[in-house]
Every structure is written in C-alpha cells, then in structure tokens.
Amino acid sequence: MQAEIINGLEIRKAILEEIKTETAEIKAKYGVVPGLVTILVGENPASVSYVTLKVKTAESMGFNEIQVNMSADCTEQELLDMVEKYNKDDSVHGILVQLPLPKHIDENKIIYAIDPDKDVDGFHPVNVGRLCLGGEHVKFPPCTPAGIVEMLNRKNINTNGAEVVIVGRSNLVGKPLANMLCRKGKGANATVTLVHTGTKDLASHCRRADILVAAAGCPDLIKPEWVKPGACVIDVGVNRVGEKISEKTGKKVAILKGDTDFEAISKIAGYVTPVPGGVGPMTIAMLMKNTLNSLKFKLGLI
Ligand code: GUN
C-alpha cells in the first residue's frame, strides 16, 4: 500500500483564499479589516522566520498587520505595557506574542495579560476553558490542533467513532487536540487516547489507532510496525536534526525531521503528512482564521 500524502501547503492555500475573499467582503460591507499585532522579543532565528511568515501572510490577506520588535533585554513590564497598549486599541482584533520568550520574562504572566478576546493563539486560560467546554463556548481553538482537525475534515477522513491515539500531552497540541476530537459533533466524535513517551507499551496503543497523531517532539519515535495498515498518520514533530545549505538560497537552513519515519510509514498507512509541508503550514492558516473570526465576533457575524 502506498499512502496518500496530505499536502498542508495545498490545503493552506485553499483556506487562505477563502479568508482573503471574506476579508474583502467584510471590508466592502463594514469598512473594517482584521487587525493583527505580532510581537517578537529578541532575534531567535526560528522565531524571526515564523514571525516573518505570519506578518507576510497577514498582509497578503488584506489584514492591518502591526509588527512590533522588542530587544531581547526589554523588561517584563515593558512587554506587559506593550500588550496592554494593544488590548486597548479597538482597531486590533488579534495579539500574538511569539514564544519562547527570553528567560527573564515569565511567559505565563504575558499570556495571562492578553485580552482573551484578542488571544488568537488560544493560549489564555479563558480560551483553554472555552475549548474544554466546547460548542458555542469555543472562541479561539489553538492553531496547530485546529489545523489538524481542518486537515482531517478537508480530506474527509472519518473521525466519527474512530480510534484516535495522540502521542504527546503538550498544552499546545496533545491536550487541546484530544479535547477537540472527542467532542460531540461533525468532524469529531472520536474515541481518543492520549499517551506519551512514558506510557507503558506505547506500541500497542499506536497499533489500535485509525488516526495516529505523533506530537512528542522525538525524531523517529513512532516505528513503522506500530502503524495499523491503512491508518492515517499525522506527524506534528518539527525536530531540528542538523543543518544544510539550501539549494534555493545558498544559506544555511535547518534539517527538519518528524516524529515518524515518513518513507517507511508511507508503505503501510492510508494517509500520511510530510515534514516539512504537512501540519506546519496549517498553523498559519488557522491563525489567520482566528484573527478574521475575532473581527466577526466583534461585528456579531458569529
Ligand atoms: N512559537 C512556536 N509556535 C508558536 C505559536 O503557535 N504561537 C506563538 N505565539 N509562539 C509560538
């Protein structure tokens, strides 16, 4: 069996087209566009490249994008003041503070300071609570798990009654995804098992999975013989395993590896996501969707 590759770049393109069209329609009707502030502290190379892509994407959607760069030695209070400035700004509908932050800044304190109704990352405890309650309470599902659910739904992969095994219990991916997939409703209704690298007999759990999500951050953790033939394998791992010179730009770039052995698993699974080009691109699409939705909530459209 040769698995179908789920192309995150293609799905992202389709979603961004929809968002761009809707943004133009709202602008024409209401005279407003979504406003997104991205705050970057310091110059961590991975964070710089993520933020650059978020900024470019937001601009190409027709959003009002405000990029704030703060120096790595800014104080916690200076960052809190910056967040507060945009909490109060009515033209801003989304605030994103790129993580990780320098060690001297308490990340939780910053996340808690963001107005939950502008927290398009979905990291504030109010939004975590809304997600747990489900249904009409949900406002901003966190972008990576939301991207995975969107991928499954757009590829018509059945989640109804399906055995979903998620390897990795992070607040960013594993825990919220488990919540999203076990809820009642279309595109969910799954039987979810949340496991981790310390789980007894991890292999036997994985072998049961109709949908196996690898989100542990361990290269090649999931062995091909742990995959049920025909299963859908979603690889969320973005492990930097070395560096190479890019053929395109001639610059040094990271070599990325997922949590699964893509080539071997492609011969067993029914669907697989590549790394890069699978789940990664979906995160930005869902960030744009959350930002647009923030404006739509404000306008009473949802
Ligand atoms: N750093 C890595 N991923 C993310 C993300 O999704 N949001 C924020 N704010 N920081 C990140």
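Residues numbered from 1 in each chain as written. Predicted model: local features only at pLDDT ≥ 70, side-chain atom pairs only at ≥ 80, totals over all residues. Heavy atoms only, no water.

Turning to the nonpolar core, a few remarks are in order. Residues Ile19, Ile148, Leu152, Val213, Ile234, Val236 and Met288 are the most contacted members of the largest nonpolar core, which totals 44 residues. In terms of residue count, helix H10 (residues 279–298) provides more of this core than any other element does, nine residues in total. Isoleucine 234 has contacts with Ile6, Ile148, Leu152, Leu212, Val213, Ala214, Thr273 and Val279, leaving out every residue within four places of it along the chain. Ranked by size, the runner-up nonpolar core spans 19 residues in total, among them Cys206, Trp226, Val227 and Ile265. (Core = buried A, V, L, I, M, F, W, Y, C linked by side-chain atoms within 4.5 Å. Buried < 20%, exposed > 50% of the residue type's maximum accessible area, 1.4 Å probe, protein only. Helix = DSSP H or I, 4+ residues; strand = E, 2+ residues; numbered from the N terminus. Contact = heavy atoms within 4.5 Å.)

Here the structure, examined in full by the defined rule, presents 12 salt bridges. Here lysine 296 and glutamate 22 are joined by a salt bridge, their closest N and O atoms 2.6 Å apart. Highlighted residues: lysine 296 in helix H10 and glutamate 22 in helix H1 (residues 8–30), separated in sequence by 274 residues. In this structure, lysine 139 and aspartate 117 form a salt bridge, with 3.1 Å as the shortest nitrogen-oxygen distance. Note that lysine 139 is positioned in the loop between helix H5 (125–133) and helix H6 (143–154) and aspartate 117 in the loop between helix H4 (107–113) and H5, a separation of 22 residues in sequence. Residue aspartate 117 is classed as partly exposed on the basis of its relative accessible area, which comes to 33%. Through salt bridges that share partners, Glu18, Glu150, Arg154 and Lys289 make up one connected network. (Salt bridge = Lys/Arg side-chain N within 4 Å of Asp/Glu carboxyl O.)

Evaluation of the coordinates by the stated rule reveals two cavities of 30 Å³ or more. In this model, the largest cavity occupies a volume close to 60 Å³. Every residue lining the largest cavity is listed: Ile95, Leu96, Val97, Leu99, Ile110, Ile111, Ile114, Asp119, Asp121 and Phe123. Of all the secondary-structure elements, those providing two or more residues to the lining of the largest cavity are strand E4 (94–97) and H4. Per-element tally for the lining of the largest cavity: the top contributor is E4, with three residues. A class-by-class count of the residues in the lining of the largest cavity yields eight nonpolar, no polar and two charged. The volume enclosed by the second largest cavity comes to roughly 30 Å³. (1 Å grid on protein atoms, 1.4 Å probe; cavity = no way out; pocket = protein on both sides within 12 Å on 5 of 7 lines; lining within 4 Å. Points joined across faces, edges and corners; volume = space filled by probe spheres on them. Nonpolar A, V, L, I, M, F, W, Y, C, P; charged D, E, K, R; others polar.)

So, about the sheet that holds strand E3 (residues 64–70). Note on sheets: strands pair through backbone hydrogen bonds, and any given pair is parallel or antiparallel. The strand order across the open sheet built from three strands is E3-E2-E4, with neighbouring strands paired in parallel fashion. Every other strand in the sheet has two partners, leaving E3 and E4 as the edge strands with one partner each. Neighbouring strand axes in the sheet, compared pairwise and without regard to direction, differ in orientation by 15° on average. Pairing analysis gives four bridges linking strand E2 (residues 35–41) to E4, with the strands arranged parallel. The residue of E4 that forms the bridge with threonine 38 is leucine 96. Across the sheet, helix H2 (residues 45–60) touches E2, E3 and E4, and the angle it forms with E2 is around 165°. (Pairing = 2+ DSSP bridges. Axes fitted to C-alpha atoms, helices over the stretch in contact; angles between N-to-C directions.)

None of this, on its own, says anything about what the molecule does.
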